Amino acid sequence: MALPLEESVPHAPEPSAAEDPELEQLEIELLLEAVYRRYGFDFRQYAQASLKRRLWRRAYAEGLTTLTELQARLLHDPRCMERLLLDLSINVTAMFRDPSFYVAFREKVVPALHTYPFTRIWCAGCSTGEEVYSLAIVLDEEGLYDRTRIYATDINENVLATARAGVFPLAKMQQYTQNYIRGGGKRDFSHYYVAAYDAAQFSRSLLDNIVFAQHNLAMDRAFNEFNAILCRNVMIYFDKALQNRVHGLFYESLEMFGVLALGHKESLSFSPFATKYETLDEPERIYRKTA
Ligand SMILES: C[S@@+](CC[C@H](N)C(=O)[O-])C[C@H]1O[C@@H](n2cnc3c(N)ncnc32)[C@H](O)[C@@H]1O
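None of these values were measured; they are calculated from a predicted model.

Asker: Give me the overall build of the protein: which residues, what numbers.
Answerer: Each helix and strand in the protein was counted, giving nine helices and ten strands. Expected size for 291 residues packed as a compact globule is a radius of gyration near 19 Å; at 20 Å, the protein falls within 12% of this value. Within the protein, buried positions represent 38% of all 291 residues. Sequence separation of 24 or more characterises 76% of the internal contacts of the protein that already satisfy a separation of 6 or more.

See the structure below:
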């Protein structure tokens, strides 16, 4: 079961209510501008409430009492930036997370992918890779993996390193096995990994057709044309303007009749691109580009 999002944030005392909200807002804007100009990470359009909470918690965890002090530390200490990146990028994930998504993917997306001789799939915001390995397993079981290339990207290099290693805690395998079965799994889940001490090493053959790369949805451009794009549990952290930017990027990156899979927490409904897609599966927010 996925951890509640807030559990991924280091525990720290709640900040006292800002004495001067306008000053606090100014400090946040200056800090985000500083982060952007110094490191190129653009969090200026992230949803405010959760961003503010995470900045304060990072400040407390560093033993600081104002966001201006945090800004100074971030500018002078790249390791502090790495810690903040981990706080902000919220890497909660799981194998076969929301199993019903994989049932819908098998039923509604796989037949469409079978019509192509070769497919390219972009998994955007892939975190530590559990979603990508799940996707590779589904494609393998559906006879598609050998003719697919998966591009798995995230803003955060640290999570990509974990994803490339393909080693996940053995303690999670029981839950992942349940997810896998509920997601329409066709084999014994242990077929895909080897247990060693407290770790599960996933089969290297699952990596054969996966390319992991850093890509920032807030700043970077389209880099290929895809038959399908998965981006689940990522855009919920973005404000409306950034969500629209990302929808533009996905629209540009999808071939005609390509599939956009957002998962049940996101929606295309209020985006300017809504009319350019038809719905393949409403509960799992799976769409197909039609215009
Ligand atoms: C909650 S995880 C979702 C992981 C996976 N998609 C899932 O549903 O289990 C969100 C991921 O989005 C990534 N992310 C956040 N902002 C991003 C950005 N601007 N560009 C690319 N990835 C980003 C984070 O680093 C994090 O790994």
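Asker: Which residues make up the sheet that holds strand β2 (residues 148-154), and what values go with them?
Answerer: Reading across from one edge, β6-β2-β1-β7-β8-β10-β9 is the order of the seven strands in this open sheet, with mixed pairing throughout. Each edge of the sheet is formed by a strand with only one pairing partner; in this case those strands are β6 (210-214) and β9 (277-281). When strand polarity is set aside, the average angle formed by the axes of neighbouring strands in this sheet is 20°. Here β2 pairs with β6 via five bridges, running parallel. Bridge pairing links T153 to A213 in β6. Each of β1 (119-124), β7 (226-230), β8 (254-261), β9 and β10 (286-289) touches helix α5 (residues 99-113); the most contacted strand, β8, lies at about 170° to it.

Asker: Before we move on, can you summarise unusual backbone geometry with the specific residues and values?
Answerer: Although it is not a glycine, Y197 sits at a positive phi angle of roughly 55°. Looking at the secondary structure, you find Y197 in the loop between β4 (193-196) and β5 (199-202). Judged by the 5 C-beta atoms lying within 10 Å of it, Y197 is exposed. The phi torsion at F257 lies on the positive side, around 70°, for a residue other than glycine.

Asker: With reference to specific residues and values, describe the nonpolar core.
Answerer: Ranked by internal contacts, the top residues of the largest apolar core, which has 73 residues, are C123, V132, A136, I229 and A261. Residue contributions to this core peak at seven residues, all from helix α6 (residues 130-141). Among the domains, domain 1 (5-89) and domain 2 (99-289) are the pair contributing at least three residues each to this core. Dropping the residues within four chain positions of it, C123 is found in contact with E131, V132, L135, I150, A152 and L230.

Asker: Pulling in residues and values, what's your account of the packing of helix α2 (residues 48-61) against helix α3 (residues 67-76)?
Answerer: In the contact formed by α2 and α3, the axes pass within 9 Å of each other and the chain directions differ by 75°. By the angle between their axes, α2 is roughly perpendicular relative to α3. Side by side, α2 and α3 meet where L55, R58 and A59 of the first sit next to L67, E69 and L70 of the second. Of the residues in the contact of α2 with α3, the class split is four nonpolar, no polar and two charged.

Asker: Run through the packing of helix α1 (residues 21-39) against α3, naming residues and quoting values.
Answerer: One way to put it is that α1 packs onto α3 with a least axis distance of 9 Å and a crossing angle of 5°. In terms of orientation, α1 and α3 fall into the roughly parallel class. Contacts between α1 and α3 pair E24, E27, I28, L30, L31, A34, V35 and R38 from the former with L67, T68, L70, Q71, L74 and L75 from the latter. Its residues assigned to classes, the contact of α1 with α3 shows nine nonpolar, two polar and three charged.

Rules and cut-offs
- Residues numbered from 1 in each chain as written.
- Predicted model: local features only at pLDDT ≥ 70, side-chain atom pairs only at ≥ 80, totals over all residues.
- Helix = DSSP H or I, 4+ residues; strand = E, 2+ residues; numbered from the N terminus.
- Rg over C-alpha atoms; globule rule 2.2 N^0.38 Å.
- Buried ≥ 20, exposed ≤ 12 C-beta atoms within 10 Å, placed from the backbone.
- Contact = placed C-beta atoms within 7 Å.
- Pairing = 2+ DSSP bridges.
- Axes fitted to C-alpha atoms, helices over the stretch in contact; angles between N-to-C directions.
- Core = buried A, V, L, I, M, F, W, Y, C linked by C-beta atoms within 7 Å.
- Domains from an automatic or database assignment.
- Parallel < 35°, antiparallel > 145°, perpendicular 65-115°, else oblique.
- Nonpolar A, V, L, I, M, F, W, Y, C, P; charged D, E, K, R; others polar.

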